[in-house]
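Next come the chains, spelled out residue by residue.
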Amino acid sequence: MKRLAISAALALSSAAFAAGGTLVYGSGGQPVSLESGNITDGNSIIVQRQIYDTLVDFADGSTKAIPGLATRWTSNKDATEWTFTLRKNVKFHDGTPFNADAVIFNVNRWWDPKFEHGYRDSGKTYEIWGQLMGGYKGEAAGFLKSVTKVNDYSVKFTLTSPVTVFPDLIGSGYFGIASPTAIKAQGAKYGTPASKPVGTGPFTFDSWKTGDRIVVKANPSYWDAKAQVDEVVFRFITDRNQRLNELRAGTIDFTSDLDPQAAKSMKNDAKVDAVLKPSFNVGFISLNVRNEYLKNAKVRQAISMAFDKKAIVEEFWGDIGVSNASFLPPVLSWANSKKVPADYKYDPAAAKKLLAEAGYPNGFSLDFWYMPVSRPYFPSPKDIAEAVAAELSGIGIKVNLKTKDWAQYLQDRNTAPYFDIYMIGWTGDYGDPDNFYSAYYGPSASDDSGYNPKDLADLLEQGKAAKGQSAKAKIYAKIHEITYNAYVRIPVVHSQPLAGKAKYVKGWVPSPLGSEAFNKITIDGKK
C-alpha cells in the first residue's frame, strides 16, 4: 500500500509541475513595446502579462478583482485614500526584491513627467496613464495626488477626488510592476527589442527577434502557480488566414483574432477547437471634430446614418457580433439610457439631406484610416473599411483609405494634424463602465477627436465616485445620451473574438479583459 501511495504521489507531482515543452502562440502582430505602463495595444499587453504582475489581478475568465502583488487593499470612507498591503518574499527576475519602493518607482515613472527615470525626452509618453487616470502630475484633471510608502510592504495612494474603482484600475494589465534596477540600467531603451524587460511574472524574457518572434522562459521561482511549459514562443503572424492554416498544420498551438467566418469549419476539425472569447469590447469609428467638415454635427450625424451597421456586422461577424448604439458591451447594458434608440438609424437619403443642410450638397473628401493588424473587435479592418467607404461614397463623401505601421498608427492618431476618421476599438480592462468611457472620452483621452465637453467630464468624475450599480446607472445613462447625440465615436460592433487551439492544449481560460497569463496551460500529447 505504501508503495502504491508513493507512486500515486509521484504521478500527481508530475502532472502538476513538469509537463514541459514549448508552447507556440500565433500573435496578430508585434508588440509596440514591452515597457509596462507605456503601451495601449493588445499585442503588447498579452506578452507583458507573462513577464509582469500587477498589484491587483482578476479571477480566471472573469472581471472579479483578486489579490495579485497586493494581498489586500482598503480605502477611507469617501474612496480618496487607498492603502495596498504588498506580498512579501517576491523577487524580480533579476533577483532584486519587490517592495513598496518598487511600486512607487513604477508609479512615478508613469505619472510624473519630471521623474528622471521616465525618459520622456526619448519619446516615451505613458499615454495609457493619462487615459485612465485623468492626467499626469501637475495637471488639474489628473486624480492622483500622491503615492507614499507606509512601510516596506504597504503603499498609500491619495486621490484628489473619490474613485471607487481604483483597485481595478491600477490592476489593469498595462500597469505591471517592473524592476527599478533593470530600468535604471537599461535607460531609454527599456521595452525595445534591444532590451531585457524584468518583472515578477510566471515567465522571464529570453529574446525578441524583430518582425519574427518573442521567446519567454518559465520562471522557476514564481510566487504563484508555476508554468506548465518550459517556454512560450510568440510568433508574429499578421495574416489571420495564415494563423488558422498554421494552427491546422501544427506549427502554432493556439491563436486569437481569427476570421469569424471560420468558426463553422473549425467545429468540424479533428485537430483544432474553436474558442469564443467573452464579448467585452467595442469596435468603433472615430471622427475628428477639428476637421473643417466634421466640426458640423449635421455632417457627423449624416455619417452615422450613411452605412448599414447591422448588415456589416452580419457580413463580417455573423452571429458572434452585435450592433447597437452603446459604447458599452452588452454585459454592461445596465448602464445604458432607455432614452437612446437601440441603434443608429440607417437612412442614406436622410443622410444626404443632412449634408445639404450643412452646406455640402455635393459632398467632400476625407481620409479614412484603418488599422494594419487584426484586433478582437476588427478581425478584418481593411475589408470593413472598404464596406464603410463604399456606403459613404453613396451620399457624396469621397473616402481616401489609408493605413500605416501599427505603432505609428497609434501614435499619429493623437498627433497633429490627427486623422480625419479612423477605426479603433477597446477591450475592457476592468468590469466597470468607467473603463470604456474614460478611455475615450476622459479629459486626457480626447486628443484624437478634439471632443471634450465639460458636462461630460463632470459626469465621468461623478461616475468614478459613485458607489453601487444603481447610483452608477443613473450617471452613465446621462453619459450615454450625451455621447450618442455627439456622433463623435460611432460604435460598429461588440464581438465575441474567435480564437483557436490545438485539441491537446488544455487549461487555457481566455479572459474577457483581453489577456491572461499562460502559466496554467498544458500541452500533453503535443508531437
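Residues numbered from 1 in each chain as written. Predicted model: local features only at pLDDT ≥ 70, side-chain atom pairs only at ≥ 80, totals over all residues. Heavy atoms only, no water.

(A) Highlighting the packing of helix α14 (residues 433-441) against helix α16 (residues 469-486). Packing of α14 against α16 leaves a shortest axis separation of 12 Å and a crossing angle of 35°. The way α14 lies across α16 gives a crossing that is left-handed. Between α14 and α16, the contacting residues are P433, D434, Y437 and Y441 on the first element and Y476, I479, H480 and T483 on the second. Of the residues that constitute the contact of α14 with α16, the class distribution is five nonpolar, two polar and one charged. (Axes fitted to C-alpha atoms, helices over the stretch in contact; angles between N-to-C directions. Helix = DSSP H or I, 4+ residues; strand = E, 2+ residues; numbered from the N terminus. Left-handed = near helix turned anticlockwise from the far one by under 90°. Contact = heavy atoms within 4.5 Å. Nonpolar A, V, L, I, M, F, W, Y, C, P; charged D, E, K, R; others polar.)

(B) Structural context of the pairing of strand β16 (residues 397-402). Pairing geometry for strand β15 (residues 364-369) and β16, over six bridges, is parallel. Bridge pairing links F368 to L401 in β16. For the crossover from β15 across helix α12 (residues 381-393) to β16, the handedness is right-handed. (Pairing = 2+ DSSP bridges. Right-handed = clockwise from strand over helix to strand, strands pointing away.)

(C) Focus on the domain arrangement of the protein chain. For the protein chain, the domain assignment lists domain 1 (22-237 + 502-523) and domain 2 (281-495). Measuring from the centre of the C-alpha atoms in domain 1 to the corresponding centre in domain 2 gives 29 Å. Contacts between domain 1 and domain 2 engage 31 residues on the former and 28 residues on the latter. The junction of domain 1 with domain 2 conceals about 2200 Å² of combined surface from both sides, 55% of it contributed by carbon and sulfur atoms. (Domains from an automatic or database assignment. Buried area = accessible area lost by both parts, 1.4 Å probe.)

(D) Spotlight on the nonpolar core. Residues L55, F157, I303 and F518 are the most contacted members of the largest nonpolar core, which totals 154 residues. Counting contributing residues, this core receives three or more from each of domain 1 (22-237 + 502-523) and domain 2 (281-495). With residues up to four places along the chain from it excluded, the contact list for F157 reads L55, T80, E81, W82, F84, V103, V107, L144, S146, V147 and F166. One finds L244, A262, V272 and L498 within the second-largest nonpolar core, a separate group that totals 14 residues. (Core = buried A, V, L, I, M, F, W, Y, C linked by side-chain atoms within 4.5 Å. Buried < 20%, exposed > 50% of the residue type's maximum accessible area, 1.4 Å probe, protein only.)

(E) Summary view of the confidence of the model for the protein chain. The predicted model of the protein chain has a mean per-residue pLDDT of 94, with 96% of residues at 70 or higher. Long-range and interchain partners of residues 1-18, a stretch whose pLDDT sits below 50, account for six contacts in this model, where long-range means more than four residues apart. (pLDDT = per-residue confidence, 0-100.)

(F) Quick peek at the pairing of strand β10 (residues 231-236). Across the six residues that make up β10, a large majority, six, are buried. Burial of β10 is two-sided: the residues E231, V233 and R235 facing one way and the residues V232, F234 and F236 facing the other way are all buried.

(G) Here's a closer look at the pattern of salt bridges. Tallied over the entire structure, the rule returns 29 salt bridges. One salt bridge connects K137 with D112, and the closest N-O pair in it is separated by 3.8 Å. Here K137 is found in the loop between α4 (127-133) and β6 (144-151), whereas its partner D112 is found in the loop between α3 (100-111) and α4, with 25 residues between them in sequence. Classification of K137 as partly exposed rests on a relative accessible area of 40%. Classification of D112 by relative accessible area gives buried; the value is 12%. Here D448 makes a salt bridge to R489, at a shortest N to O gap of 2.8 Å. (Salt bridge = Lys/Arg side-chain N within 4 Å of Asp/Glu carboxyl O.)

(H) Local environment of unusual backbone geometry. In this structure, P417 follows A416 across a cis peptide bond, with omega equal to 10°. Examined against the element boundaries, P417 turns out to sit in the loop between α13 (406-412) and β17 (421-427). Not every positive phi belongs to a glycine, and Y418 is a case in point at roughly 70°. Looking at the element boundaries, Y418 is found in the loop between α13 and β17.

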